[in-house]
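Inside the fold
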Amino acid sequence: MTTKKVEIVIPPKAAHFVGDGFRVHNFIPSVQKLDMKRMDPFIMLDYNSKFHFNPSETPKGVGVHPHRGFETVTIAYQGKVEHHDSAGGGGIIGEGDVQWMTAASGVLHKEYHEKEWSKQGGIFQMVQLWVNLPAKDKMSKPKYQAISNSEMKKVDLGENGFVEIIAGNFEENKGPASTFTPINMMNAKLKSGGKAEFNFPANFNTAALVIEGNIIVNGEEKAASDNFVLFQNEGESFTIEATENSIVLIISGEPINEPIFPHGPFVMNSREEIMQAFEDFNTGKFGYLED
Ligand code: MN
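Reference entry: report on the structure contained in this document. A quick note: this is a predicted structure, and the numbers were derived from the prediction, not measured.

This brings us to the overall build of the protein. Scanning the protein for helices and strands turns up 2 helices and 26 strands. Compactness check: the protein gives a C-alpha radius of gyration of 18 Å against a globular reference of 19 Å for 291 residues, within 12% of the reference. Across its three principal axes, the protein shows a C-alpha extent of roughly 55 × 45 × 35 Å. Burial statistics for the protein: of 291 residues in total, 56% are counted as buried. For the protein, the proportion of contacts with a sequence separation of at least 24, taken over those separated by at least 6, is 73%. In the protein, 27 positive and 38 negative side-chain charges are present, and the distance between their average locations comes to 1 Å.

Turning next to the coordination of the manganese ion. The coordination sphere of the manganese ion contains the protein donors H65 (NE2), H67 (NE2), H109 (ND1) and E111 (OE), at a distance range of 2.1 to 2.2 Å. Each donor residue of the manganese ion belongs to the same chain, and together they define the spacing H-x1-H-x41-H-x1-E. With a gap of 44 residues between them, H67 in strand β5 (residues 61-67) and E111 in strand β10 (residues 107-113) connect regions that are remote in the sequence. Here H67 falls in the buried class, since its relative accessible area comes to 2%.

Before going further, it helps to spend a moment on the sheet that holds strand β23 (residues 237-242). Strands in a sheet are paired, the pairing made by backbone hydrogen bonds, and the direction either parallel or antiparallel. Judged by pairing direction, the sheet is antiparallel, and its 4 strands sit side by side in the order β18-β23-β20-β21 without closing on themselves. Every other strand in the sheet has two partners, leaving β18 (195-199) and β21 (221-224) as the edge strands with one partner each. Adjacent strand axes in the sheet meet at a mean angle of 25 degrees when their direction is disregarded. Pairing analysis gives 4 bridges linking strand β20 (residues 214-217) to β21, with the strands arranged antiparallel.

Turning our attention to the pattern of salt bridges. Evaluation of the coordinates by the stated rule reveals 8 salt bridges. For the salt bridge of R68 with D280, the shortest nitrogen-to-oxygen distance reads 2.9 Å. Taken together, the residues span a long stretch of sequence, with R68 in the loop between β5 and β6 (70-78) and D280 in helix α2 (residues 271-282) at a distance of 212 residues. Owing to a relative accessible area of 4%, R68 belongs among the buried residues under this scheme. Close ionic contact of K189 with E164 constitutes a salt bridge, the shortest N to O distance being 3.2 Å. One end of the pair, K189, is in strand β17 (residues 183-190); the other, E164, is in strand β14 (residues 161-167), with 25 residues separating them in the sequence. Exposure class is identical for K189 and E164. Each is buried. Three or more residues joined by partner-sharing salt bridges are found here, namely E7, K33 and R38.

Cut-off values and rules
Residues numbered from 1 in each chain as written. Predicted model: local features only at pLDDT ≥ 70, side-chain atom pairs only at ≥ 80, totals over all residues. Heavy atoms only, no water. Helix = DSSP H or I, 4+ residues; strand = E, 2+ residues; numbered from the N terminus. Rg over C-alpha atoms; globule rule 2.2 N^0.38 Å. Buried < 20%, exposed > 50% of the residue type's maximum accessible area, 1.4 Å probe, protein only. Contact = heavy atoms within 4.5 Å. Lys, Arg positive; Asp, Glu negative; His and termini not counted. Charge placed at Lys NZ, Arg CZ, Asp CG, Glu CD. Donors = N, O, S within 2.8 Å, 3.2 Å for Na, K, Ca; no water. Pairing = 2+ DSSP bridges. Axes fitted to C-alpha atoms, helices over the stretch in contact; angles between N-to-C directions. Salt bridge = Lys/Arg side-chain N within 4 Å of Asp/Glu carboxyl O.

As C-alpha cells, this is what we get:
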C-alpha cells in the first residue's frame, strides 16, 4: 500500500445563490482542475458553507426543475431541507441526514428550507453532489433513498472520534446507500488531535471537503474549513489528522469513463440524448409536480 498524495488544496471561490435558499461555492465543475471528468462519477459539487438565513414565512429554495441522467445527493450539516419529486419521492432531511435521489430517466424536483425551520431561520450548511450514472442506467426508473443519520454505520475510533459511512466501505464496515457504481462517501468526525486512515483503489477519484475545523493530510498538507482536498490517482492510503474538532466529507468513486454531455439539469452521453431530454421534458414525460 502506498500513499495517496494530495494533488492540490482548493479554497472556496465566491459564493452564488441557487434559487434564493442555497448560497453555494461551486467546486465541481467550475474550479481549476475540477471539470466533470476529473472527479467522475462526481460531476457536480455545490457547497453551502455556514450561512445565516433570516426567519422567513415563505420557505426559500428552488422551485420545480427537471433532472435526467444522474443522482442528486444532498447532505445536511445544519438546517433542514424539504424535497419533493414527481416520482413520489420526498421528505425532510435535517442535521446529519442525507437525501439520495436517483433522477435517472427523469423527474421534476423542488427543494426548499423546511417550513418550520424557515420560520425560525438560523445557520444553514449543506452539500449537494451530482453522481453520474453509467449509460446503461441513465434511463432506469427514478428512485429515492432517505438516509437518516441513525441508519448510517458509525465506526468508533476511540479517542480519535468516529467515521460515519453514507455509502461504500470504511475498513470492514458498510454504509446504507445503494449505488450504481462503486462509491465511498463518509464523514470523518474527528476530535482535536484525532487521526484516521483511509484506503481506496488508486484509480478511484478521491477528494475531501473540510466541513468544520482544520486538518493535516498525510502529516504534511494543511487544509482549513471549507477547503477541498483533491488527491492524485496514485497510491491507495492517506491519513487525516484533526488539529481541532473537525468534520471532513470524504468521497471516492470508480470513474465511469464514458462521454459526459451535460446541459443544465440533464447529464447524458451525447447531444442527441440531450435533445431527447428537452423533448421529453417539453411534452410532459417527466410527470407533474405542484409548484
Ligand atoms: Mn434538484
